[in-house]
Amino acid sequence: MPDASPLHRHPAARRSLCSLAGVVLPLSLVLGLVNGWASPAAAGKYNAVLSVGDVAPQWKDLPGVDGRQHSWEDVAEAEVVVVVFTCNTCPYAVDVEQRLVALDEKFADPRVAIVAINANTKPDDRLPAMRDRAEEQGFEFPYLHDASQDTARAFGATTTPQFFVLDDQRRVVYMGSLDDSPDGKNVTNRYVEAAIEAALAGTKPKATETVPVGCRIRFPRRR
């Protein structure tokens, strides 16, 4: 079974704080510095790269399960874009699959676009397996493979699943978990759904950032 995110191994880790050379830093930032994909500049509470209000990075030519290459321009007409970093193999990601399908059905509206991106590289997370999973689960939204992991790095994504809601200016209005129940059995706060509704209304959601609960995306260390 894939390792759970280090943010959730024990209560102290949930506070996302650790000490590095006598300086207290968010754990996500420490991981980013170690792996070479983050800078010590200020970012989100649980994201070493992006803050709420930042303009989201663009992706280009990511292959999808539909056999097409997908880019940022594909969602240009949408007022709200939901980007979720997910995969086939993480049990937390598997647990949100049908809730993600339900979210897509709830917002069956050209103003809302959902894009799922898989940045894992193991065989069970590559395109052939992704195609099978998309067909099996009934994904009607793009499911893309980020083989280089560059898009995940640009978003500061570390976990599957991890959600980003973008407004009509493509600014991040929410990032974190889908809701407050990893297995979906006791949902009381639907963070992504609330963020979509707020963005459509031109307002800010009550919750703008939550801890992403899931499995770690495996990034090779860069020298």
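It should be noted that the structure appears before, not after, this text.
Residues numbered from 1 in each chain as written. Predicted model: local features only at pLDDT ≥ 70, side-chain atom pairs only at ≥ 80, totals over all residues. Heavy atoms only, no water.

**Focus on the overall build of the chain**
- For the chain, the count of helices and strands is six helices and 11 strands.
- Counting across all 223 residues of the chain, residues that qualify as buried make up 52%.
- When contacts within the chain are restricted to residue pairs at least 6 apart in sequence, those whose partners lie at least 24 apart make up 71%.
- Looking at the chain as shown, the accessible area adds up to about 10900 Å², and 49% of this sits on carbon and sulfur atoms. (Helix = DSSP H or I, 4+ residues; strand = E, 2+ residues; numbered from the N terminus. Buried < 20%, exposed > 50% of the residue type's maximum accessible area, 1.4 Å probe, protein only. Contact = heavy atoms within 4.5 Å. Areas by Shrake-Rupley, 256 points an atom, 1.4 Å probe, with all protein chains shown as cover.)

**Notes on unusual backbone geometry**
- Looking along the chain, the bond that leaves T160 and enters P161 is cis, with omega of 0 degrees.
- In this fold, P161 is placed in the loop between β8 (159–160) and β9 (162–166).
- One non-glycine residue, D61, adopts positive backbone phi at about 55 degrees.
- Looking at where D61 falls in the secondary structure, it is placed in the loop between α2 (27–35) and β3 (62–63).

**Quick notes on the sheet that holds strand β5 (residues 80–85)**
- Taking strand neighbours across the sheet as the criterion, the five strands line up as β7-β6-β5-β9-β10 in an open arrangement whose pairing is mixed. Looking along the sheet, the strands with just one partner apiece sit at the ends: β7 (143–145) and β10 (172–176). Between one strand and the next, the sheet's axes are offset by a mean angle of 20 degrees, whatever the strand orientation.
- Bridge count for β9 against β10 is four bridges, and the pairing is antiparallel. Residue F163 lies in a different strand from β10, and its bridge partner there is G176. (Pairing = 2+ DSSP bridges. Axes fitted to C-alpha atoms, helices over the stretch in contact; angles between N-to-C directions.)

**A short note on the pattern of salt bridges**
- Applying the stated criterion across every chain, the model contains six salt bridges.
- Taking the shortest distance from any N to any O, the salt bridge between E97 and R133 comes out at 2.7 Å. One end of the pair, E97, is in helix α3 (residues 91–106); the other, R133, is in helix α4 (residues 127–137), with 36 residues separating them in the sequence. Across this residue pair, the class does not change: E97 and R133 are buried. (Salt bridge = Lys/Arg side-chain N within 4 Å of Asp/Glu carboxyl O.)

**Re the packing of aromatic side chains**
- Applying the stated criterion across every chain yields a total of eight aromatic pairs.
- Ring centres of F139 and Y143 lie 5.5 Å apart, and the angle between their planes is 80 degrees; this geometry places the pair in the edge-to-face category. Per residue, the accessibility class of F139 equals that of Y143, and both read buried.
- Every member of this aromatic cluster is reached through a ring pair, and the members are W59, W72, F85, F155 and F164.
- For K106, the ring lying beneath its charged end belongs to F107, and the centroid distance is 5.9 Å. (Phe/Tyr/Trp six-rings, centres within 6.5 Å; stacked < 30°, edge-to-face > 60°. Lys NZ or Arg CZ within 6 Å of the ring centre and 35° of its normal.)

**Details of the side chain of R133**
- What makes R133 buried here is its relative accessible area of 18%.
- Sequence-distant contacts of R133, defined by excluding residues within four places in its chain, comprise N88, V94 and E97.

**Here we look at the state of the cysteines**
- One pass over the structure, following the stated rule, counts one disulfide.
- Linked covalently through their sulfurs, C90 and C215 form a disulfide whose S-S length is 2.3 Å. Residues C90 and C215 are joined through a disulfide that is right-handed, its torsion about the S-S bond being 75 degrees. Of this pair, C90 sits in the loop between β5 and α3 while C215 is found in strand β11 (residues 215–216), placing the two residues 125 residues apart along the sequence.
- The thiol of C87 is not disulfide-bonded; the next cysteine sulfur, from C90, is found 5.1 Å away.
- With relative accessibility at 1%, the residue C87 sits in the buried group. (Disulfide = S-S within 2.5 Å.)

These results come straight from atomic positions and should not be treated as a statement about function.
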